[in-house]
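# Structural overview
These are the residues of each chain, in order.
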Amino acid sequence: MVLFKKFSILVFLPFIVISLIEILSRSSFSEFQAVFLGIFSIGFFSIVSLNSVYVADYFLKKKFSFFKKSSLLILTTFISVFLFSYLLNNMLRSSDYRITTIFSQATLGVCIFLLEYLVMSVLDKKETKLVEFHDRKQVYVFLLSLIIFVEFALFFLISSRDASNLYPFLMNNKLILIYMFISSIVSFFTIRLLTYMKCNTILNVFLSSLGSMFFSLLFTVVLTQTKFTLNKHFGIYLIIYLISLFSTLFIYVFLLYKMQIREKNVLNFKLTQKNAQYLELKNQINPHFLFNNLNTLISFIEDNPQKAIEFGHNLSNVYRHYLSNHTDDFVNLKTELNFIKEYLEIYKAKFENGFTFIITNEVDSNAFILSVSIQEIIDNIFKHNCLDEDNPLSIKIQIEHNFLVISNSILPKKADFSNNTGLDNINKRYELLVNRSIVINTIGDEFIVKLPILEIES
Amino acid sequence: MTVIIIEDEIPAGIRLERLLKQHNFDVLTILKSVKKALVWLEENNHPDIVFMDIKLSDGTCFDILNHTKINSKIVFTTAFDEYALQAFNYNSIDYLLKPINEEKLERLISKMDSLQIGFQNQIRWESFNEKVTIESYLVSSGTNIKKIILDDVLFFYSENNATYISTKENRNFLINKSLDKIENETNSNTFFRINRKYIINKKYIHLVKKSTSIVLSLSNLESDFYEVSKSKTKKFIEWYGK
């Protein structure tokens, strides 16, 4: 029912507006024109709205990527408007239409579809937040140039016939071009001003587009010293307002989009933090690890006091490490490898010839890595492989081309089941924090994990 | 060489005594509290070296150092005192971590001659129980990491439950710390929490205005004003005047 409500509003509201404009701006009206216009605008808006309400709803429920969804939606809109326009023109006006007209109508359809879609998604959002201006200046300059380009391209597509007319077209429409240029800039600053005054979305877009139209018109008139008469055709105001509205919406959508991305990043970031902190805490209080090792320590005291001392030192250093970098994302690779060595020494004391390990010494003191990641991988290795003295497990930690390569021979435990959550979590953290991926590989009977080594930017 | 050990845990004291005896030191006594240590140091000639644990049953070893001048070389022993360790490293003072590693003890003994004697005149021992402030943060930047020196930070702010660093180049970086934590570990002479959302750097305060409340602007963002919350006004004026 909600969908139907949206649909009817989106069809009838523009229809009424267009009819009013047409009635106001035309003095004489032929019956044929009125019927054609009526059928055309009703049909046009129903098709576009059908796309932006029902088809969009259908596609959004599918698990496609964002890119696939949006291109499919735009394509269906384009094709349906194109077909509609083609059929209608064929039926009613048989001869005097051109393919470019249909093409431009379909393009217009896509634009209106995007606009409707935006308005609905803004209306659907329950809490509206103010947009922010956090990006670098270049981003906004790029945005404004893009708007001017798109506006011009659309304008050209809708009104012009073919590309060879580009130059005269430019010359004939200088005024519009200047207006586009000014309106995009003015829109940007009115949005900024209104955001500063804490206007919410709808009011902001409405006022900005109006303000942008008013000031841009004023600037254009003053700058080009055109004689301006108020009693011009009403349609020209509509076009001018549409240009301003387009610029405003474009900028606003961009800002909303940026804001959404930022919020998403923040959430993901927090999530990885929680993950890492959880691992850290888990290590700190891991009772299994603590009591098993105390047990080992006691047995060493009885039959090998010297070993008990070494073991005790390793154990205390490992715990000291757990307690030291609690919340840092990035840890020094050298320190981390020293810790891993001690961590492995604890296992070595317990399983003796069950496994062997090599850790590289050639570490740059400027190299960093994500906290807890190496230990998580080592834990993973011990979790999934047998420690057999006749066929010892071998673990190697080396550096190759800016990757820390951790490899082990594969000696799987019987009935072992792994869903790789540990490695997935490390990968997720790498992707979110530094936009890099870890590499997981099986070559022959070796299992290899490569972690990107991070460096401090100068 | 003569040595005394100030240590409240009996087995730890015995172990250190044994290790030192193995290296031909003459351990005069093991003292278990601040009180006993002060009395002993009053009545006896000071030894060549004093090994002292930081946390004692009735206080810390810094209480001893504040009350009496010790004419001996001093080596601290500690199990886990984050702040003190940072301070030792910062002042390059020698210490041993418990459990005491024999190799490290030997290394320390071998360079015994270079150890300082006394040193209470140069050092404020009270500060050893305080944190050492952080000077830089590591943040992610593109596909690598970036070190942000606190001197280049305009302010820290929180938004939608996340914390950001804003630098003097006007770039913002996400950071994995709460404002409370940052407030805690940065130098309180330079950084001030003006309200729930902002910690600002004194170095970049450009203008302070007082109307109904205090507002201030940071040098290269003159259009933006930051309001000092009412409850912090008094503290802010005190801090700003320092």
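Refer to the structure printed above.
These lines cover the structure that appears in this document, whether it is placed above or below.

What counts, and at which threshold
Counting restarts for each chain: residues are numbered from 1 in the order of the written sequence. Written order decides the labels, with chains lettered from A and ligands numbered from 1. Restriction of local features to residues with pLDDT of at least 70 applies here, the model being predicted, together with a cutoff of 80 or more for giving and counting side-chain atom pairs; totals for whole chains, interfaces and linings are based on all residues. Hydrogens are left out, water is left out, and the side-chain values use all remaining heavy atoms of the structure. Working definition: with a 1.4 Å probe on protein chains only, accessible area under 20% of the residue-type maximum means buried, over 50% means exposed, and in between means partly exposed. Numbering goes from the N terminus for both helices and strands, where a helix is a DSSP run of H or I of at least four residues and a strand is a run of E of at least two. When DSSP finds two or more bridges between two strands, those strands count as paired. By definition here, a helix of n residues has an expected span of 1.5 Å times n minus one. Contacts between residues were defined by any pair of non-hydrogen atoms, one from each residue, lying within 4.5 Å. As used here, buried area is the combined drop in accessible area, with a 1.4 Å probe, of two parts when they are placed together. Throughout this description, the term salt bridge denotes a Lys or Arg side-chain nitrogen within 4 Å of a carboxyl oxygen of Asp or Glu. Note on residue classes: Ala, Val, Leu, Ile, Met, Phe, Trp, Tyr, Cys and Pro are nonpolar, Asp, Glu, Lys and Arg are charged, and everything else, Gly too, is polar. Each pair of aromatic rings taken from Phe, Tyr and Trp, with Trp reduced to its six-membered ring, is defined by centres within 6.5 Å and is described as stacked if the planes are under 30 degrees apart, edge-to-face if over 60, and tilted in the remaining cases. Here, a charge over a ring means that NZ of Lys or CZ of Arg falls within 6 Å of the ring centre while also lying within 35 degrees of the ring normal. Take the buried Ala, Val, Leu, Ile, Met, Phe, Trp, Tyr and Cys residues and link them wherever side-chain atoms come within 4.5 Å; each set so joined is a nonpolar core. Patch definition: residues with relative accessible area over 30% and no salt bridge; like charges joined within 9 Å; nonpolar side chains (Val, Leu, Ile, Met, Phe, Trp, Tyr) joined within 5 Å. What sets the accessible areas is the Shrake-Rupley method with a 1.4 Å probe; for residues, cover comes only from the shown protein chains. For helices, the fitted axis covers only the stretch in contact; all axes are lines through C-alpha atoms, and the angles between them, taken along N-to-C directions, range from 0 to 180 degrees.

Residue and element names in this part refer to chain B. Here strand E3 (residues 49-53) lies mainly inside the structure; five of its five residues are buried. Burial along E3 is two-sided: the face carrying Ile49, Phe51 and Asp53 and the face carrying Val50 and Met52 are both buried. The sheet contact formed by strand E1 (residues 2-6) and E3 spans four bridges and is parallel. Bridge assignment links Val3 to a residue of E3, and that residue is Ile49. Pairing geometry for E3 and strand E6 (residues 73-78), over five bridges, is parallel. From the neighbouring strand, Met52 faces E6, where its bridge partner is Phe76.

Taking 1.5 Å as the rise per residue, helix H13 (residues 373-384) of chain A with 12 residues should run 16 Å; its terminal C-alpha atoms sit 17 Å apart, in good agreement. Considered for burial, the residues of H13(A) that qualify are Ser373(A), Ile374(A), Gln375(A), Glu376(A), Ile377(A), Ile378(A), Asn380(A), Ile381(A), Phe382(A) and His384(A).

Listed per partner, the contact involves 32 residues of chain B and 30 residues of chain A. Summing both sides of the interface, chain B and chain A together bury roughly 2,700 Å²; the carbon and sulfur share of this comes to 52%. Linking chain B with chain A are zero salt bridges, by the criterion used here. Contributing elements (two or more residues each) for the side of chain B that touches chain A: strand E8 (136-141), strand E9 (144-149), strand E10 (153-159), strand E11 (162-167) and strand E12 (172-175) of chain B. Split by residue class, the side of chain B that touches chain A holds 13 nonpolar, 10 polar and nine charged. Of the pairings in the sheet, the one linking strand E8 (residues 454-457) of chain A to E9(B) comprises two bridges and is parallel in character.

The subject of this paragraph is the pattern of salt bridges. Pairing between side chains of opposite charge can happen when the charged atoms of each approach one another. All names here are of chain B. What the rule picks out here adds up to 13 salt bridges over all chains. Residues Glu185 and Lys177 are paired through a salt bridge, measuring 3.2 Å at the closest nitrogen-oxygen approach. Taken individually, Glu185 and Lys177 each receive the classification buried, so the pair is uniform in this respect. For Lys181, the salt bridge identified is with Glu185, shortest N-O distance 3.9 Å. In this pair, Lys181 and Glu185 both sit in helix H6 (residues 179-185), four residues apart, roughly one turn of the helix.

Residue and element names in this part refer to chain A. Under the defined criterion, the tally for this structure stands at 31 aromatic pairs over all chains. Look at Phe44 and Phe45: their rings are 5.5 Å apart centre to centre, the planes differ by 90°, and that puts the pair in the edge-to-face class. Judged by its relative accessible area of 4%, Phe44 is buried. Given a relative accessible area of 7%, Phe45 falls into the buried group. On the numbers, 6.1 Å between centres and 25° between planes, the contact of Phe78 with Phe82 is stacked. A residue pair is termed a helical-turn pair when its members lie 3 or 4 positions apart in one helix, as Phe78 and Phe82 do in helix H3 (residues 66-92) at four residues. Among the aromatic residues, ring-to-ring pairing joins Phe289, Tyr319, Tyr322, Phe339, Tyr343, Tyr347, Phe351, Phe355, Phe357 and Phe382 into one connected group. Taking the ring centre of Phe355 as reference, the NZ or CZ of Lys348 above it sits at 5.2 Å.

The next thing to look at is the nonpolar core. Judged by nonpolar contacts, the single largest core of 71 residues is most densely connected at Ile374(A), Leu451(A) and Phe236(B). In terms of residue count, the dominant contributor to this core is helix H12 (residues 333-351) of chain A (nine residues). With sequence-adjacent residues up to four places away left out, Phe236(B) is seen in contact with Phe192(B), Ile194(B), Ile200(B), Ile205(B), Val208(B), Ile214(B), Leu216(B) and Val228(B). By size, the runner-up hydrophobic cluster in this structure holds 29 residues, among which are Phe133(A), Leu144(A), Ile191(A) and Phe254(A).

Moving on, we get to a nonpolar patch on the surface. A cluster of nonpolar side chains, Phe214(A), Phe215(A), Leu218(A), Phe219(A), Val222(A) and Leu223(A), forms an exposed patch at the surface whose accessible area comes to about 630 Å². In this fold, Phe219(A) is placed in helix H8 (residues 201-224).

So, about the sheet that holds E1(B). All names here are of chain B. Read across the open sheet, the five strands follow the order E2-E1-E3-E6-E7; overall the sheet is parallel. One side of each edge strand has no neighbouring strand; the edge strands of this open sheet are strand E2 (26-31) and strand E7 (95-97). Averaged over all pairs of adjacent strands, the angle between strand axes in this sheet comes to 20°, irrespective of strand direction. In the sheet, E6 pairs with E7 via three bridges, with the strands oriented parallel. Residue Thr78 lies in a different strand from E7, and its bridge partner there is Leu97. Most of the contacts of helix H1 (residues 10-22) go to E2, to which it runs at about 170°, and overall it touches E1, E2 and E3. Strand contacts of helix H4 (residues 82-90): E6 and E7, with the helix running at about 140° to E7, the strand carrying the most contacts.

All names here are of chain B. A sheet is described by the order of its strands in space; here five strands give the open sequence E12-E11-E10-E14-E13, paired in antiparallel fashion. Looking at which strands have only one partner, the edges of the open sheet turn out to be E12 and strand E13 (191-193). Pairwise comparison of adjacent strand axes, ignoring direction, gives a mean angle of 20° for this sheet. Here E11 pairs with E12 via four bridges, running antiparallel. When the sheet's bridge partners are listed, Tyr164 is paired in E12 with Leu174. Where helix H7 (residues 233-241) meets the sheet, its contacts fall on E13 and strand E14 (198-201), and the angle it forms with E13 comes to roughly 170°.

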